[in-house]
Amino acid sequence: MTEKQKRRKSWAEPYKIKMVELLKMTSREDRLSAIGQAGYNTFLLRSEDVYIDLLTDSGTSAMSDRQWSGLMMGDEAYAGSRNFYHLIETVEKYYSYKYTVPTHQGRGAEHILSQIMINRGDYIPGNMYFTTTRLHQELAGGTFVDVIIDQAHDPADTHPFKGNVDFAKLDALVEKVGAKKIPYVCIATCVNMAGGQPISMANLRQLRRWCDEHKIPIVHDMTRLAENAFFIQQREDGWSEKSVAEIAFEICSLTDIATMSAKKDPMVNIGGFLAMNDRNLYERACNMVVVYEGLHTYGGMAGRDMEALAIGITESVHDDHIRARVGQVEYLGRKIAEAGVPIVKPVGGHAVFLNARSFLPHIPQEQFPAQALSAAIYVQSGVRSMERGAVSAGRNKDTGENYMPKLELVRLTLPRRVYTQAHMDVTAEGVIEVFENAGEVRGLRFTYEPEVLRFFQARFEPV
Ligand code: PM9
């Protein structure tokens, strides 16, 4: 961080607005009708019925003028597009990985990785599950094992690095199944399902040593790397003088393989990649990508999208950018928490997570309080959020039982560079109004439950 940045107290945005998209204002009656038609699932709302869209930060960020100009520089050759070369050079420069395979988005990378690395009967430890990541592990015949520290499952615990790995849990897994049954350890930076919580550099270095000792590679889900790097700079001893870009590079250097949903940190509307340092693995990934995504020099992406992504990567690790991004999330979190609303602490990097168990203590988890809360916030305020609790957790693949996670959360996710501070105020007001009348919210039951990733398309009715 520069001296100037240290002196400035505000997290004010390092950009100005050049173009706007008009929003439709709706009435409470409109929204009641819309949520009923959507089966109480905010994924099934039409976006034009939403005022402030905090469903996700995935593909919803505002590209810069430089990224938009990049679109005009698209080289749409079938093979060997110059934008591909720009992308792989940028990935190596900022993220250290030598070989990059573009994919249509993050789950495309997860699919290829799982198919080439997991054998039936394998176990994949990770610092908490993510929906698509775990599903691809399971489809490849593997079993996910949660090795995150216990504090991550407690919304009120203020541990500064709730994304850390618990080595006793890793040791116990090796003891039980043997290192040969563990194809890799999967580590997410700024763990999404834990509330956007970072892993520390010290913990990651310890993991590097542990993995070297057991000859197990580290796969890095780098979807929200820049936010994690920022938290290390702010919270971990010895890193305050390093730039976010330097810290991000160091994190990547400690890992072997990475999956990226480029729709988050690097602020493109679509795209992702699988990156690695091992040439043999790269060749196997190239063989798979032609089957499921496209030629290895574009994967699932257009040339213009690879160009916008390469530019977005460079913007995503600027100190000023990430400070404003996380600053806005913290601003919203503080406003909501000051009113006594229970949230996950510390406030995460990409979203404010409401603790639906404490918010709606009268609704048992079997009646999906987070799903009900997300619908109620929409009806109250026109703000769209996402359930991250029992519905997202799904069912155990072997027993068919519903998972009942300790974290029953609603996520208010901030797209990057999209909304203003006044939008945050309106969001906080809406949440607080629902909180003041929380007793009126009713639980939900399924009217339709899809087999996989049910949270996307499930439908409900009030109990
Ligand atoms: N995350 C999110 O809203 C998009 C859809 S919800 C399943 O948080 C991580 C940590 C993610 C993620 C997507 C993916 C998959 C992998 N890892 O959506 O396929 O947060 O690009 O990425 C969403 P794609």
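Here, every reference points to the structure presented above.
Residues numbered from 1 in each chain as written. Predicted model: local features only at pLDDT ≥ 70, side-chain atom pairs only at ≥ 80, totals over all residues. Heavy atoms only, no water.

Caption draft 1: Representation of the site of the ligand within the structure. Close to the ligand lie 21 residues; Thr56, Arg107, Ser261, Lys264 and Arg411 are nearest. One nitrogen or oxygen atom from the side chain of Thr56 is found 2.6 Å from an oxygen atom belonging to the ligand. In the complex, the protein chains occlude 96% of the 530 Å² of accessible area that the ligand would expose alone. If you list the elements that add at least two residues to the shell around the ligand, you get α5 (106-117), α6 (131-139) and β11 (386-388). Looking at side-chain class alone, the shell around the ligand contains 4 nonpolar, 9 polar and 8 charged residues. (Near = heavy atom within 4 Å. Polar contact = N/O pair within 3.5 Å; in protein donor to acceptor, adjacent residues only side chain to side chain. Areas by Shrake-Rupley, 256 points an atom, 1.4 Å probe, with all protein chains shown as cover. Helix = DSSP H or I, 4+ residues; strand = E, 2+ residues; numbered from the N terminus. Nonpolar A, V, L, I, M, F, W, Y, C, P; charged D, E, K, R; others polar.)

Caption draft 2: The arrangement of the sheet that holds β11 in detail. The strand order across the open sheet built from 3 strands is β9-β12-β11, with neighbouring strands paired in antiparallel fashion. Strands with a single pairing partner mark the edges of an open sheet, and in this sheet they are β9 (351-355) and β11. Sheet twist, expressed as the average angle between the axes of neighbouring strands with direction ignored, equals 35 degrees. Sheet topology places β11 next to strand β12 (residues 409-413); 3 bridges connect them, and they run antiparallel. Looking at the pairing, Met386 lines up with Arg411 of β12. The sheet strands contacting helix α15 (residues 369-381) are β9, β11 and β12, and the helix crosses β12 at an angle near 40 degrees. (Pairing = 2+ DSSP bridges. Axes fitted to C-alpha atoms, helices over the stretch in contact; angles between N-to-C directions. Contact = heavy atoms within 4.5 Å.)

Caption draft 3: Looking closely at the packing of aromatic side chains. Applying the stated criterion across every chain, the model contains 13 aromatic pairs. Centroid distance Trp11 to Tyr331: 6.0 Å. Interplanar angle 55 degrees. Geometry classified as tilted. With Trp11 in the loop between α1 (3-7) and α2 (28-37) and Tyr331 in helix α13 (residues 319-338), this pair connects stretches of sequence that are 320 residues apart. Across this residue pair, the class does not change: Trp11 and Tyr331 are buried. Ring geometry for Phe43 versus Phe455: centroids 5.7 Å apart, planes at 55 degrees, classification tilted. (Phe/Tyr/Trp six-rings, centres within 6.5 Å; stacked < 30°, edge-to-face > 60°. Buried < 20%, exposed > 50% of the residue type's maximum accessible area, 1.4 Å probe, protein only.)

Caption draft 4: Representation of the pattern of salt bridges in the model. Considering all chains together, one arrives at 21 salt bridges under this definition. Close ionic contact of Lys18 with Asp65 constitutes a salt bridge, the shortest N to O distance being 3.2 Å. Of the two residues, Lys18 is situated in the loop between α1 and α2 and Asp65 in helix α3 (residues 65-72); the sequence distance between them amounts to 47 residues. Lys18 gets classed as exposed once you look at its relative accessible area, which sits at 70%. The class for Asp65 is partly exposed, based on a relative accessible area of 41%. A salt bridge links Arg417 to Glu315; the shortest N-O distance between them is 3.0 Å. Here Arg417, found in the loop between β12 and α17 (421-436), pairs with Glu315, found in helix α12 (residues 303-316); they are 102 residues apart in sequence, far enough to count as distant. The pair Arg417 / Glu315 is uniform in exposure class, with both members buried. What emerges from the salt-bridge pattern is a single network uniting Asp57, Arg224, Glu227, Arg325 and Arg416. (Salt bridge = Lys/Arg side-chain N within 4 Å of Asp/Glu carboxyl O.)

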